[in-house]
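# Geometric and topological summary
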Amino acid sequence: MTRIRVEVWCTMQKRIPKEFSLRSYRRGEEQKIVDFLNLCYGTWGDLDKWRWKNVQYPTFEKDYTTIAEMNKEIVGYGALFLRNLHVPSLGTLHTVTLGDAAVHPKLRRRGLYTSLREVRLSIANSKGAALILVHNEKESIVHKMNKKRGYIEIHYPVYIKVLNPRSVLKAELRDIIKKRKELRDFMEGMNIVVELKRKHTKEKPINGIQITMDEKSLPLLAKIRTTRKTRGILLLFALISGRLKIRFRPTGLLVRKLIKGSLKFVRFLCA
Amino acid sequence: MSGFYVRNFNGKKDLEKVHDLYKSCLSNYIHFYRDPKTIEHFTHFPSVKKTIYVAVSDDEEYGSDGKVLGFIVITIVNENGYTKGIVRDLCSVNETVSGCLIKKALDYCDQEGADIVAVASFPDEKEKIFKKSEGWFEANPYLFMGKVASPLHILRLLLKSKFELLKIFPNGILFVIDNESFHVKTGKRCVLVEVAKGNVANADFSVKMSNKVLSKIVFRVANPYIEYLRRKIKIKGLMSTPSILQSLINKCRILEILTSLRLPEMLYLAIIDVL
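Procedures and definitions
Residues numbered from 1 in each chain as written. Chains lettered and ligands numbered in written order. Predicted model: local features only at pLDDT ≥ 70, side-chain atom pairs only at ≥ 80, totals over all residues. Pairing = 2+ DSSP bridges. Helix = DSSP H or I, 4+ residues; strand = E, 2+ residues; numbered from the N terminus. Axes fitted to C-alpha atoms, helices over the stretch in contact; angles between N-to-C directions. Expected span 1.5 Å × (residues − 1). Buried ≥ 20, exposed ≤ 12 C-beta atoms within 10 Å, placed from the backbone. Arc of directions from axis to C-beta. Parallel < 35°, antiparallel > 145°, perpendicular 65-115°, else oblique. Left-handed = near helix turned anticlockwise from the far one by under 90°. Contact = placed C-beta atoms within 7 Å. Nonpolar A, V, L, I, M, F, W, Y, C, P; charged D, E, K, R; others polar.

### Considering the sheet that holds strand S11 (residues 191-195) of chain B
By definition, the strands of a sheet pair up through backbone hydrogen bonds, in either a parallel or an antiparallel sense. Residue and element names in this part refer to chain B. With mixed pairing, 5 strands are arranged side by side in an open sheet as S11-S10-S9-S12-S13. Sheet topology places S11 and strand S13 (234-237) at the edges, where each strand pairs with a single neighbour. Along the sheet, successive strands turn relative to each other by an average axial angle of 20°, direction set aside. In the sheet, strand S10 (residues 180-186) pairs with S11 via 5 bridges, with the strands oriented antiparallel. Following the sheet pairing, His-183 is matched in S11 by Glu-194.

### Re helix H3 (residues 95-111) of chain B
Residues and elements named next belong to chain B. Here H3 spans 24 Å end to end across 17 residues, near enough to the 24 Å set by a 1.5 Å rise per residue. Buried residues of H3: Val-97, Ser-98, Leu-101, Ile-102, Ala-105, Tyr-108 and Cys-109, and no others. Take H3 and look down its axis: the buried residues cluster within an arc of 130°, on one side only. Exposed side of H3, more than 90 degrees from the buried face: Lys-103, Asp-107 and Gln-111 are the residues found there.

### Here's the deal with unusual backbone geometry
The backbone phi angle of Asp-100 of chain A is positive, close to 55°, even though this residue is not glycine. Here Asp-100 of chain A shows up in strand S4 (residues 91-103).

### What to know about the packing of helix H1 (residues 12-25) of chain B against helix H2 (residues 36-43) of chain B
Any two packed helices are characterised by how steeply their axes cross, that is the angle between the axes, and by the distance between the axes. Residue and element names in this part refer to chain B. One can describe the packing of H1 onto H2 by two numbers: an axis separation of 9 Å at closest approach and a directional angle of 115°. One element, H1, and the other, H2, form an angle in the roughly perpendicular class. Judged by the twist between their axes, the crossing of H1 over H2 is right-handed. Mapping the contact onto sequence places Leu-15, Glu-16, Val-18 and His-19 in H1 and Pro-36, Ile-39 and Glu-40 in H2. Partitioning the contact of H1 with H2 into residue classes produces 4 nonpolar, 1 polar and 2 charged.

Following this line, the structure appears as structure tokens:
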């Protein structure tokens, strides 16, 4: 088995760009890997999580983690998890789950991700895996790519209950604003109040922007029910039907920003 | 079944009983194998706030310790600026026990200040426990995707019990999947699947399809009869057959064999399985 694995590494080494080298994980570089994953994913997790997922997993072997290096620095990472799937009245299927693939943001679009995937697939083959599984976010780039590569979607139900709608609403709105530059620029320096709609309350005068939302419409914002496009359409409907209300007092700053925004839009239409 | 009560998981003392619970409850579902080592690993999920409960029968026949009827792992994590209570693993003998464990999980999440609770459960329990009127809604931003990595292993496992169907083809069937060929034939009361090398024309029929079509059949996305009509599966007789009618009957039998390549429908997947 060791010989097969050495061959896998050697074959893959020939295929990847010359400046990179591929190898498996070495003891002592756990923290480096976690730092790299956090750099690529934003927030991935801590050392305990990595250890639990990999080294402490009952079926773990060193070769299940693949590291791409450039000038002795980690620039790519990918893991695989070997697990047995029990099929009733038939027996056991060996499966491999590919996960935690990451390429340094500055070195993307150089074929490193494909190399990391191929080396893990070769290891999976050498281990006799019958099925390959991946776990993707719906509508993400990787999801679309995997669909093209012939992967079949397997849905599994997850049920959610919101216990504290106010903080979920606030956090999700904050997240939406943080991710979009136009929104970030627009909201800068403005007073934004997020509120959940309550019955029999008189509308108070506001200072800045006030976003009021119906509790039932909360899942729309919780980014968990639909794809991004559908969510956009649903939010528009919620706005039209009055479930979501945005009120604002026309302050000088807001008017200036609105004029700026509309000028940009006109320029975009004329271009 | 008489009553039961819920208490904290008692480490290694409960481990074997929890393993027995999994063995009895998950036998009808496709699931990732759970041996005592894996279950123990799951109980060590790294989280600052975490609790594990077991539902124990208070039936006298099992003595003072009682039989474990349910198991739940709950973790509290802080992500995206709010606190999430996630039920990582849940297994129980029936929906009454599941309902009770989820209620306990909700209490724990509430106590720890969680803003949202997420649970993955048995596919046939969903409507009884997760009622819309109680504020539950189905939502998952993620999905699993699968593909056949080794047609050889898939054919070996899924055709193992199809001896009766395959024995009508004395020379076997040649499966051509992408660029690989596999000879499926019957031996003495068993089905043999081998990688075909060299002269492979001695099979009765050849079945040609892509790995994508095979994956679709295995994961129940495609129906082999429809794929055959769409010319995505090509079946060709390699030996001379006595009549057109006989050839047609044999093709129908092959499509029946292909239908048996589908994995059973019931899939049990806990959030902890999604590594």
